[in-house]
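# A structural walkthrough
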Amino acid sequence: MTEPSNVCVVLLDSLNRHMLGSYGGDEFDTPNLDRFASHRATRFTNHVTGSLPCMPARHDILVGSLDFLWRPWGSIELWEQPITRALAHSGVTTMMVTDHPHLFESGGENYHTDFHGWDYVRGHEGDPWRTFADPSWIGAPAAPARKGGWWLERSVGYGDLTRAYDNSRTFFREESDYPGPRTMTEAARFLRDATPHHDRWFLFVDEFDPHEPFDTPAPWAGRYEDQPWDDEAIIWPPYADGAISKGKLSEAEGRHIRANYGSKLSMIDHWFGRILDEFDRQDLWDTTALVVCTDHGHYLGEIRNDRDIWGKPNVPQYEPLGHTPLMIHWPGVDGGSTCDALTTNVDIFATLADVFDAEVGHVTHGRSIAPLLDGVADSIRDWAIGGVFGNWVQVTDGSTKYARSAMGDNFPLSMWSNRWSTMPLDIAGIESLPDPDDRAWLDHMPGSSIPVIRQPFVAGDMLPFWVGQANVDEHYLFDVSVDPDERENRVGESREAEMIELLRSALQDVSAPDDQFARLGLS
């Protein structure tokens, strides 16, 4: 078995596992991801999310520690060492190519700083790249589209939300100008031009596609429409639990949005082929591991509890969002194989540390996937936990999934951070994060001697964005091995007691805060 000398990780944001041909999807075309899976990669069938959403998931991968039990969304903390800093000490050259705007705003601003090099492709989603629309724009290649605030205006009457991409898209003149294609082009350029100069290297391609906005030019736009669409394109999907069932979204609009996701997926799949082609040209397959992963899926009208779900609303991590694709090419391992072992995103960090023999000083929660690929193990973990701060906490053993909500109310709850940041909101009058107050005190994270601000919250407080405030006493238990569509909630059966004990044991294993046990009724 040949250990890789180099690693390339390609993260495609909001990549829906069930829509990839390699995982049985037939709704949209993904020929390059499919050929990677069939010819070069091991396809993991039981990979699940950990910390959510976007930046917490990247924290799992680049820092290796689950953080959703301590904070909602944030930067690398003082007591943490990202994999890039550890690799620098091991003599490994690191490079990031990305169009992900959260990496360059408060709450994500220091993930790139320890890479030896980084290339930020401008213009995606909320990136404030342009302050005005190009007056010479003629509606092509970016066709006229509804503005980013349309859903808030329709659903709650708020009409003042502006989205930076609505200006940026007017400056694109051809497909290669869009952020996704430009990111893949620059990643391929690094593989071609830079890798011959480095003995060992790590390339992290953090591609925000197929995340919204679901905006594509010809020939992708309209490819999957089941009937003509004569209105402005809807490139900004709703975030809602029951958009159609509550009469806020028409079925035709829902089909159109889903089709636009498919167009975005197929376009980025096409450009991902540039990376595969460069692996062929540079003969990298014998020396380099290639990992394709995501942070989470994206709901596109899938039905749970008799309601259609869109985006990432305040619901548990059902299968479409929480059961994610993972494909890994490993030198010396034939492509086209599958691995059914349970894995999660912190295991990618552990694998990088294993490959490069790197050590970090903070507590991490992952287990290297390398033994599964080398054939020396058929399992690396018995459980995986995940969730969103202040929401459900979920545990799975690979076949049974248990999502436990708070009991009675959502308290006690506290946030632990010295950087005090979360995802910025561009909604006037709505704050994303309250400042710490005089109730806060200094505590210590597990395994750390560095004091950390611990801010408690009680009923009536403004809570950090992403915290679920209404869903209490609402638990879910699914046997996804026989019920992948999660139609039968088996809470109350004898199996629930076993999963409660598994969750309690998992929380103890990661030294979760005492208030998490209390709010979940597990003390």
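To be clear, the structure that these remarks concern was listed above.
Here is a short report on the structure shown in this document. (Residues numbered from 1 in each chain as written. Predicted model: local features only at pLDDT ≥ 70, side-chain atom pairs only at ≥ 80, totals over all residues. Heavy atoms only, no water.)

## Some details on the sheet that holds strand β16 (residues 413–416)
Sheet architecture is open: three strands sit in the order β16-β18-β17, paired in antiparallel fashion. The sheet is open, and its two borders are formed by β16 and β17 (441–444), each paired with just one other strand. This sheet shows a mean twist of 45° between the axes of neighbouring strands, independent of strand direction. Pairing geometry for β16 and strand β18 (residues 451–457), over four bridges, is antiparallel. Within β18, the position partnered with M415 by the bridge is Q455. (Pairing = 2+ DSSP bridges. Helix = DSSP H or I, 4+ residues; strand = E, 2+ residues; numbered from the N terminus. Axes fitted to C-alpha atoms, helices over the stretch in contact; angles between N-to-C directions.)

## Observations concerning the sheet that holds strand β4 (residues 93–98)
Strand order in the open sheet formed by eight strands is β5-β4-β6-β1-β8-β11-β2-β12, and the pairing between neighbours is mixed. The strands lining the two open edges of the sheet, one partner per strand, are β5 (117–120) and β12 (337–344). For this sheet the average axis-to-axis angle between neighbouring strands, irrespective of direction, equals 15°. Relative to strand β11 (residues 323–329), strand β2 (residues 42–48) is paired through five bridges, and the arrangement is antiparallel. Bridge assignment links V48 to a residue of β11, and that residue is H323. Relative to the sheet, helix α1 (residues 31–39) contacts β1 (6–12), β8 (288–293) and β11, its axis offset from that of β11 by approximately 60°. (Contact = heavy atoms within 4.5 Å.)

## A word on the packing of aromatic side chains
Taken as a whole, this structure holds 25 aromatic pairs when the rule is applied. Measuring from ring centre to ring centre gives 6.3 Å for W129 and F172, while their planes differ by 25°; the resulting arrangement is stacked. With a gap of 43 residues between them, W129 in the loop between β5 and α4 (150–156) and F172 in the loop between α5 (165–168) and α6 (179–194) connect regions that are remote in the sequence. On the basis of relative accessible area, F172 is assigned to the buried category, the value being 1%. Among the aromatic residues, those joined into a ring-pair cluster are W129, F132, Y165, F171, F172, Y178 and W236. Above the face of the Y23 ring, R43 is positioned so that its terminal group lies 5.1 Å from the ring centre. Lying across the ring of F171, R130 places its NZ or CZ 5.0 Å from the centre. (Phe/Tyr/Trp six-rings, centres within 6.5 Å; stacked < 30°, edge-to-face > 60°. Buried < 20%, exposed > 50% of the residue type's maximum accessible area, 1.4 Å probe, protein only. Lys NZ or Arg CZ within 6 Å of the ring centre and 35° of its normal.)

## Describing helix α9 (residues 346–355)
The buried fraction of α9 amounts to nine of the ten residues, a majority that puts the element mostly inside the structure. Residues of α9 that are buried include every one of V346, D347, I348, F349, A350, T351, L352, A353 and V355, and no others.

## Some thoughts on α1
Within the sequence span of α1, burial applies to N32, L33, F36 and A37. Summarising the axial view, the buried residues of α1 lie within an arc of 140°, below the 170-degree limit, and thus occupy one face. Contacts from the buried residues of α1 go to β1, α7 (251–281), β8 and β11. (Arc of directions from axis to C-beta.)

## Points about the environment of A252
Positionally, A252 belongs in helix α7. Along the sequence, A252 and E225 sit 27 residues apart, while their C-alpha atoms lie 9.9 Å from each other. In contact with A252, not counting residues within four places along its chain, are Q227 and W229.

## A few points about the packing of α6 against α7
At a minimum axis distance of 9 Å, the contact between α6 and α7 shows a crossing angle of 5°. Between α6 and α7, the interaxial angle falls into the category roughly parallel. From α6, G180, P181, M184, T185, A187, A188, L191 and R192 reach across to α7, where they touch M267, I268, W271, F272, R274, I275, E278 and F279. In terms of residue class, the contact of α6 with α7 is made up of eleven nonpolar, two polar and three charged. (Parallel < 35°, antiparallel > 145°, perpendicular 65-115°, else oblique. Nonpolar A, V, L, I, M, F, W, Y, C, P; charged D, E, K, R; others polar.)

## Let's talk about the packing of helix α2 (residues 54–63) against α9
Packing of α2 against α9 brings their axes to within 6 Å, and their N-to-C directions diverge by 20°. On the basis of the axis angle, α2 is roughly parallel to α9. By crossing handedness, the relation of α2 to α9 is classed as right-handed. Taken together, the residues of α9 that come into contact with α2 (itself represented by D60, I61, L62 and V63) are V346, I348 and F349. Of the residues in the contact of α2 with α9, the class split is six nonpolar, no polar and one charged. (Left-handed = near helix turned anticlockwise from the far one by under 90°.)

## Focus on the side chain of D443
Along the chain, the position of D443 falls in strand β17. Overall, D443 belongs to the buried group, its relative accessible area being 18%. Polar contacts involving the side chain of D443 include one to the side chain of R454, which spans 2.9 Å. (Polar contact = N/O pair within 3.5 Å; in protein donor to acceptor, adjacent residues only side chain to side chain.)

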